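Letter by letter, the chains look like this.
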Amino acid sequence: MNDLHAAFAAPAREALPRLTPAERRLVEAELREMASRGPGAGRILDGLREVAALVPERLYADSAEVLLRMHEIAGSGNLQSNLSSLALVRACFAHGLVDDGGPGADGAGEGPAELVVGRGHIAPAFYAEHYVRGTLPFAPLATLHQGGLTGVVHRDLGFRTTMRYSLGVGVAQAVSLAWELARGGSDRKVVCLAGDGELHEGAAFEALRFAHDAGLTNLLLVVDANGKGIEPLAKPLNTGYLAAYLGTLAEVDGCDDGAVETALGELLARPGPAALVCRTRKGDHSFKPAGAAPPAPGRPVSFASTAGRMLGAHRERTGRELAVFTPDMAARFGLGGHVPYTNTGLAETLTVGMTLSLPDHVTKVVATDAMYYMDSLSMLTEATTSVRNLLVLAGRSWGAWGGAHNATNLLGLLLHTRVYEPVTAAEFQACLDRLARDPATAHVVSMIDAAFEPPARDCSADIDGGVWLTPPGDGPDAADATVVTFGYAGVLVEAANRDVGLPHLHCAALTPRLDPATLDVLTRSRRILSVEYNGAGSGFGERLRARHLLPVEVHAVRRDIATRVHRNQLPLHGMSPGPLRERLARLLENREGSGHAPAYA
C-alpha cells in the first residue's frame, strides 16, 4: 500500500515558497492528482509513475539542471557527487539497467543485467534522470532531504538495495548477488556503481578478493574515479589491483556521456568479469547555494565542528601528545589548523586499527561518523580491550540514526567503554580529563552536528554526575515532577522549560552516577520525565528506570533512520519548543493511579 499524498504533500507544500511560479503550479497540479487517486497498492515508485503520466508537463529537459534545482530547494545535499556520476547514471538508463516498472519489488530480472548502486548518495541523479524521461513527477523532487524523498538509494524508489549506513557495502552486495546467480547456474551479469573513495573500505577489498577466488565471471564494477571523498584522496585510484582481481579493465572519460555509454555497452556484451574506470571531476562535497551569505559573526556553529579547536586547547593545556585519525571526516570536526591528523580515506576499520600499536601515553583520537564505526566493531572490540587513552568522537546530528543511540546499543556493549554527549567546551574537556585519569576505559563522545547556544551550567565539575539547570525548590513537595535530560536534549529542554519551571537535571554521561542528594530528590518525585534526543532503546531513561527503580517516563526518538534535516527532525520527534513545552506542562497534571509511570510518554 502506498499513499503518495500522505508521503509527499506536507514536505512539498512546505517547499512551495522556494519554488518558481511554474514549479509551484506544477507541484500543486501533481498533488491534486495524488489526493484524487487515494492510497494504492504496490510500490511508491509505481504510483509516482502514474502521477507523472497524468501530469506530463516537463519544466526541465536536462537532468543536471534538475539536480541543481533539487539542491537549491533543499538547501543542502551532495550536488557535486551526483554531477560526478551523472554520465554513469545516464548510461545505466540507456542500457536498460534501471528499474523500468517491470514485475517484482525492484525490477529484478528486467534489462540486460542487475544493477547495484553502491555509491548510495547518488540517488538524486537517478531521480533527476527519471524526471526528464517522464517517469517521475516534480513534486517529490522538491522534498529531497525534507521528509519526502530520501537522498540515498532505497528499495521503495526503484533500487535493488537500500543504503543503511555504510559506504563500501554496495560492492559486497553486488558480489553476493553475483555469487548467488552463478551458484544457481545463471550467467546474468551484476553491475555495481562505486566510487574511488568507497573502494578504500576494507569490505570492498574483501569482496573483490572473494569474487576473484570464487571465480565469478558475472561481475562488472563501474567506478566513478574523481579523486575525492570529502577531502581529496591521497593518491589516485590504483587500477592495478582491480585488473588483477577482475581481469579486464577499461578507462574512459567519465564526463563524456557517449564514451561512458559505449564502454559500458561493450563490457556488458563481453563475457567475463571486468572493471570500468570513469575519470570524472568533483567540486566541493557539501552544497552551498549561490550567493549564500557567510555565517554572521558570533552566530553559533555546529558543536561537532569545534572539536578540533577543543582538542588543540587540550593539547596546549596539558602538553599531552595526540594522534588523530579520521576516515575523511576532518571538516565535520573542524580539525584543520588546530591539530595534526591523519586521513585514512573512508577506511573505518583501519582508522581504529591505526591506534592499536601506539605508545600508551599517546591520546588516540578516532574522529568518525556515528554510523561508520559500525563497520569496525570487531576492531573496536580489540581496541577497547587493549588500547589505553582511546577517544572515539562519534559525530552525528540527531535522532536514532547515529549519535549516542548507536554508541549505547553498540559500543556500550563492548568492554571498558563509557559514553558521553557533551554540549559545552568545558564538558568536552572534562571527558578528556576523565580519560587521562582512566586510560584503560575507551571514552566515546557523541558530538552533536547542530548549532546551539550552550546551557548556562554544565556537568564539567562532575562529568559522570548531573547538574540542576533548574534547581528544585525547598520542601518535601518541591520536586513533585522533574525532568532529567541527556546531552543535547538538555539544551532543548532548557529553552522549553523557561515558562514551565520544572526542576531540570542535565547529564552528560549516558550512564550517570548520581550523588545521594540528587537521587533523594528524584526518589521523592511522583513523576520523572527523561528526555533524550539520541534514542530510547537501551538508552538513558531506561537505564535510570532500571538502575534506580525510579518512575521514569521516556520522551525520545521513536522512528529509526528518519532521513530529515535537523529543523524537521525536531518537530517529528516532539522536540521543537512548542510540543516540548506542552509535554513538560503535562507532567504537572494530576492523573488517577499516579505512581505507576508509563515506560514511554
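See above for the structure.
Overview of the structure. (Residues numbered from 1 in each chain as written. Predicted model: local features only at pLDDT ≥ 70, side-chain atom pairs only at ≥ 80, totals over all residues. Heavy atoms only, no water.)

1. Things to note about the overall build of the chain
Reasoning step 1: Secondary structure summary: the chain contains 22 helices and 16 strands in total.
Reasoning step 2: Residues classed as buried in the chain amount to 56% of the 601 residues present.
Reasoning step 3: Nonlocal contacts in the chain, meaning residues at least 24 apart in sequence, comprise 77% of its contacts between residues at least 6 apart. (Helix = DSSP H or I, 4+ residues; strand = E, 2+ residues; numbered from the N terminus. Buried < 20%, exposed > 50% of the residue type's maximum accessible area, 1.4 Å probe, protein only. Contact = heavy atoms within 4.5 Å.)

2. A word on the side chain of arginine 160
Reasoning step 1: Topologically, arginine 160 is positioned in the loop between α7 (123-132) and α8 (169-183).
Reasoning step 2: Separated by 3.1 Å, the side chains of arginine 160 and glutamate 114 make a polar contact. (Polar contact = N/O pair within 3.5 Å; in protein donor to acceptor, adjacent residues only side chain to side chain.)

3. Describing the nonpolar core
Reasoning step 1: Formed by 69 residues in total, the largest nonpolar core has its most connected members in Met70, Leu115, Phe126, Tyr127, Leu141 and Val222.
Reasoning step 2: Counting residues per element, this core draws most heavily on helix α6 (residues 86-94), which supplies seven residues.
Reasoning step 3: With residues up to four places along the chain from it excluded, the contact list for leucine 141 reads Val66, Met70, Tyr127, Tyr131, Leu136 and Leu149.
Reasoning step 4: One finds Met310, Leu322, Leu502 and Val531 within the second-largest nonpolar core, a separate group that totals 52 residues. (Core = buried A, V, L, I, M, F, W, Y, C linked by side-chain atoms within 4.5 Å.)

4. Examining the packing of α8 against helix α9 (residues 202-213)
Reasoning step 1: Where α8 meets α9, the closest approach of the two axes is 8 Å, and the angle between their N-to-C directions is 20 degrees. Classified by the angle their axes make, α8 and α9 are roughly parallel. For the crossing formed where α8 meets α9, the hand is left-handed. In this structure, α8 uses Val171, Ala172, Val175 and Trp179 to contact α9, whose residues at the interface are Ala204, Ala207, Leu208, Phe210 and Ala211.
Reasoning step 2: Within the contact of α8 with α9, the residues separate by chemical class into nine nonpolar, no polar and no charged. (Axes fitted to C-alpha atoms, helices over the stretch in contact; angles between N-to-C directions. Parallel < 35°, antiparallel > 145°, perpendicular 65-115°, else oblique. Left-handed = near helix turned anticlockwise from the far one by under 90°. Nonpolar A, V, L, I, M, F, W, Y, C, P; charged D, E, K, R; others polar.)

5. Overview of the pattern of salt bridges
Reasoning step 1: Per the stated rule, a full pass over the model turns up 27 salt bridges.
Reasoning step 2: As a salt-bridge pair, arginine 434 and aspartate 438 come within 3.1 Å of each other at their nearest N and O atoms.
Reasoning step 3: By relative accessible area, which is 7% here, arginine 434 ends up buried.
Reasoning step 4: Each of Asp62, Arg90, Glu129, Arg133 and Asp257 takes part in a single network of salt bridges with overlapping partners. (Salt bridge = Lys/Arg side-chain N within 4 Å of Asp/Glu carboxyl O.)

6. Points about the sheet that holds strand β4 (residues 248-253)
Remark on secondary structure: sheet strands pair via backbone hydrogen bonds, oriented parallel or antiparallel.
Reasoning step 1: Taking strand neighbours across the sheet as the criterion, the five strands line up as β1-β2-β3-β5-β4 in an open arrangement whose pairing is parallel. Sheet topology places β1 (113-117) and β4 at the edges, where each strand pairs with a single neighbour. Geometrically, the sheet is characterised by an average inter-axis angle of 20 degrees between neighbouring strands, direction not taken into account.
Reasoning step 2: Packed on one face of the sheet, α6 meets β1, β2 (189-195), β3 (219-225) and β5 (274-279) and runs near 150 degrees to β3.
Reasoning step 3: The strands that α8 touches are β1, β2 and β3; relative to β2, the one it contacts most, it runs at about 175 degrees. (Pairing = 2+ DSSP bridges.)

7. Section: the environment of valine 175
Reasoning step 1: In this fold, valine 175 is placed in helix α8.
Reasoning step 2: When its relative accessible area of 4% is taken as the criterion, valine 175 is described as buried.
Reasoning step 3: Sequence spacing of valine 175 and leucine 216 is 41 residues, and the spatial spacing of their C-alpha atoms is 8.4 Å.

8. Observations concerning the sheet that holds strand β12 (residues 466-470)
Reasoning step 1: A sheet is described by the order of its strands in space; here five strands give the open sequence β12-β14-β13-β15-β16, paired in mixed fashion. Each edge of the sheet is formed by a strand with only one pairing partner; in this case those strands are β12 and β16 (552-556). Across this sheet, the average inter-strand angle for adjacent strands is 25 degrees, counted without regard to direction.
Reasoning step 2: Strand direction decides the pairing type here: β12 and strand β14 (residues 504-507), joined by four bridges, are antiparallel.

9. What about helix α12 (residues 307-318)?
Count 3.6 residues to each turn of an α-helix, and residues three or four apart come out pointing the same way.
Reasoning step 1: Helix length check: α12 (twelve residues) gives 16 Å between terminal C-alpha atoms against 16 Å at 1.5 Å per residue, within 8%.
Reasoning step 2: Taken as a whole, α12 has its buried residues at Ala307, Gly308, Met310, Leu311, Gly312 and His314.
Reasoning step 3: Count one or two residues on from α12 and you reach glycine 319, which has phi positive near 75 degrees. (Expected span 1.5 Å × (residues − 1).)

10. Comments concerning the state of the cysteines
Reasoning step 1: Scanning the model with the defined rule gives zero disulfides in all.
Reasoning step 2: Lacking any disulfide linkage, cysteine 507 is separated from the closest cysteine sulfur, that of cysteine 459, by 5.7 Å. (Disulfide = S-S within 2.5 Å.)

11. Description of helix α3 (residues 44-54)
Reasoning step 1: Listed in full, the buried residues belonging to α3 are Leu45, Gly47, Leu48, Arg49, Val51 and Ala52.
Reasoning step 2: For α3, the elements touching its buried residues are α1 (4-15), α2 (21-37) and α7.

12. Quick word on the pairing of strand β11 (residues 442-448)
Reasoning step 1: Across the seven residues of β11, seven count as buried, placing the element largely inside the fold.
Reasoning step 2: Side chains of β11 alternate between two faces, with Ala442, Val444, Ser446 and Ile448 and His443, Val445 and Met447 buried alike.
Reasoning step 3: Note that strand β10 (residues 417-420) and β11 share four bridges and pair parallel. Bridge assignment links threonine 417 to a residue of β11, and that residue is alanine 442.
Reasoning step 4: Taken together, β10, helix α17 (residues 425-437) and β11 form a β-α-β motif whose crossover is right-handed. (Right-handed = clockwise from strand over helix to strand, strands pointing away.)

13. Points about unusual backbone geometry
Working note: non-glycine residues mostly have negative phi, and peptide bonds are mostly trans.
Reasoning step 1: Despite not being glycine, aspartate 328 shows a phi value in the positive range, around 70 degrees.
Reasoning step 2: By secondary structure assignment, the location of aspartate 328 is in the loop between β6 (322-326) and α13 (330-333).
Reasoning step 3: For aspartate 328, a relative accessible area of 1% gives the class buried.
Reasoning step 4: Despite not being glycine, asparagine 389 shows a phi value in the positive range, around 60 degrees.
Reasoning step 5: With respect to the helices and strands, asparagine 389 occurs in the loop between α15 (377-386) and β9 (390-396).

14. Let's talk about the packing of aromatic side chains
Reasoning step 1: Counted under the stated rule, the structure contains eleven aromatic pairs.
Reasoning step 2: Both rings, one in tyrosine 127 and one in phenylalanine 159, keep their centres 6.4 Å apart while their planes meet at 70 degrees; by these two values the pair is edge-to-face. Remark: phenylalanine 159 occurs in the loop between α7 and α8 and tyrosine 127 occurs in helix α7; sequence separation between them is 32 residues. For the residue pair tyrosine 127 and phenylalanine 159, the accessibility class agrees, reading buried in each case.
Reasoning step 3: Through a chain of ring-to-ring contacts, three or more aromatic side chains come together here, namely Phe93, Phe126, Tyr127 and Phe159. (Phe/Tyr/Trp six-rings, centres within 6.5 Å; stacked < 30°, edge-to-face > 60°.)

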